[in-house]
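One letter stands for each residue in the lines below.
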Amino acid sequence: MSNHQHLGDGMRCQIVGRLEADQSQVQICREFNLTPSVVCNLWKQFQDTGSIERKPRQGRPIATMATEDRYLSIIARRNRGATASQLSRDLYAATGTHASRVTVSKTS
């Protein structure tokens, strides 16, 4: 899993608004605690497309939410021998979420 945190629509809108009001990218980076590349890429995207929405990504859509991921992680740590299908059944029993493919990362 990635360490990247995505900017919410509200923050993206604030940043673009400040850039349109001629605030410098350096000031915005300091204020929002962001790297310059994030602000620069957002500004370029806005200038090219006129939109602040995130681009669609490739790959399979995420089947579980963060809370369900944490639940799966706890179950997997308690029962180290559990298979993915067992974890999927446990998740469905607890939350009602169907997860056809469950992958549990090896985090301690």
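Remember, predicted model here, so these are calculated numbers, not experimental data. For every chain, the first residue of the written sequence is number 1, and numbering continues from 1 along that sequence. It should be noted that, the model being predicted, local features are given only for residues of pLDDT at least 70 and side-chain atom pairs only at 80 or more, the latter also being counted only at that level, while totals for whole chains, interfaces and linings use all residues. Neither water nor hydrogens contribute to the side-chain values; these are computed over all heavy atoms in the structure.

Student: Is there a simple way to explain the packing of helix H1 (residues 9-20) against helix H3 (residues 36-49) in this structure?
Tutor: Pairs of packed helices are described in terms of their axes, by the angle between the two and the distance that separates them. For every element, the axis is a line fit to its C-alpha atoms; helices are fit only across the contacting stretch, and the angle between N-to-C directions ranges from 0 to 180 degrees. Labels follow the DSSP assignment, with helices taken as runs of H or I lasting at least four residues and strands as runs of E lasting at least two, numbered in each case from the N terminus. Contact geometry of H1 with H3 gives a least axis separation of 10 Å together with a crossing angle of 80°. What the angle tells us is that H1 and H3 run roughly perpendicular. Here H1 contributes Arg12, Ile15, Val16, Leu19 and Glu20 to the contact with H3, which in turn contributes Val39, Leu42, Trp43, Gln45 and Phe46. Polar here means any residue other than Ala, Val, Leu, Ile, Met, Phe, Trp, Tyr, Cys and Pro, which are nonpolar, and Asp, Glu, Lys and Arg, which are charged; Gly is therefore polar. Tallied by class, residues from the contact of H1 with H3 come to 7 nonpolar, 1 polar and 2 charged. To sort the angles, those under 35 degrees are grouped as roughly parallel, those over 145 as roughly antiparallel, those from 65 to 115 as roughly perpendicular, and the leftovers as oblique. Note on definitions: a residue-residue contact is assigned when non-hydrogen atoms from the two residues lie within 4.5 Å.

Student: How should I be thinking about the nonpolar core in this particular structure?
Tutor: Across soluble globular proteins, you tend to see nonpolar side chains buried next to one another. With 13 residues, the main nonpolar core has Ile15, Val16, Leu19, Ile28, Leu34 and Val39 as its most contacted residues. Elements represented by at least two residues in this core include exactly H1, helix H2 (25-32) and H3. A total of 4 residues in this core trace back to one element, the largest contributor, which is H3. Beyond its immediate chain neighbours, meaning those up to four positions away, isoleucine 15 contacts Leu7, Ile28, Phe32, Leu34, Val39 and Leu42. Among the nonpolar cores identified, the runner-up in size contains 6 residues, and Leu72, Ile75, Ala82 and Leu87 belong to it. Within this scheme, the nonpolar core is defined by two criteria: the residues are buried Ala, Val, Leu, Ile, Met, Phe, Trp, Tyr or Cys, and they are joined through side-chain atoms within 4.5 Å. Three labels apply to residues, based on accessible area from a 1.4 Å probe with only protein chains included: buried if under 20% of the type maximum, exposed if over 50%, partly exposed otherwise in between.

Student: Help me out: how do you make sense of unusual backbone geometry in this one?
Tutor: Glycine aside, residues mostly have negative phi, and peptide bonds are mostly found in the trans state. Here aspartate 22, not a glycine, exhibits a phi torsion of approximately 65°, which is positive. The residue aspartate 22 is located in the loop between H1 and H2 in this model. Residue aspartate 22 is classed as exposed on the basis of its relative accessible area, which comes to 72%.

Student: Could you clarify how one ought to interpret the side chain of arginine 12 in this entry?
Tutor: Within the secondary structure, arginine 12 is located in helix H1. Buried charge without a partner: arginine 12 forms no salt bridge, and the closest opposite charge is aspartate 9, 4.7 Å away. Other than its neighbours up to four places away in sequence, arginine 12 contacts Leu7, Leu42, Gln45, Ile52, Glu53 and Arg54. A residue counts as positive if it is Lys or Arg and as negative if it is Asp or Glu; His and the chain ends are not included. Salt bridges are defined as contacts in which a side-chain nitrogen from Lys or Arg sits within 4 Å of a carboxyl oxygen from Asp or Glu.

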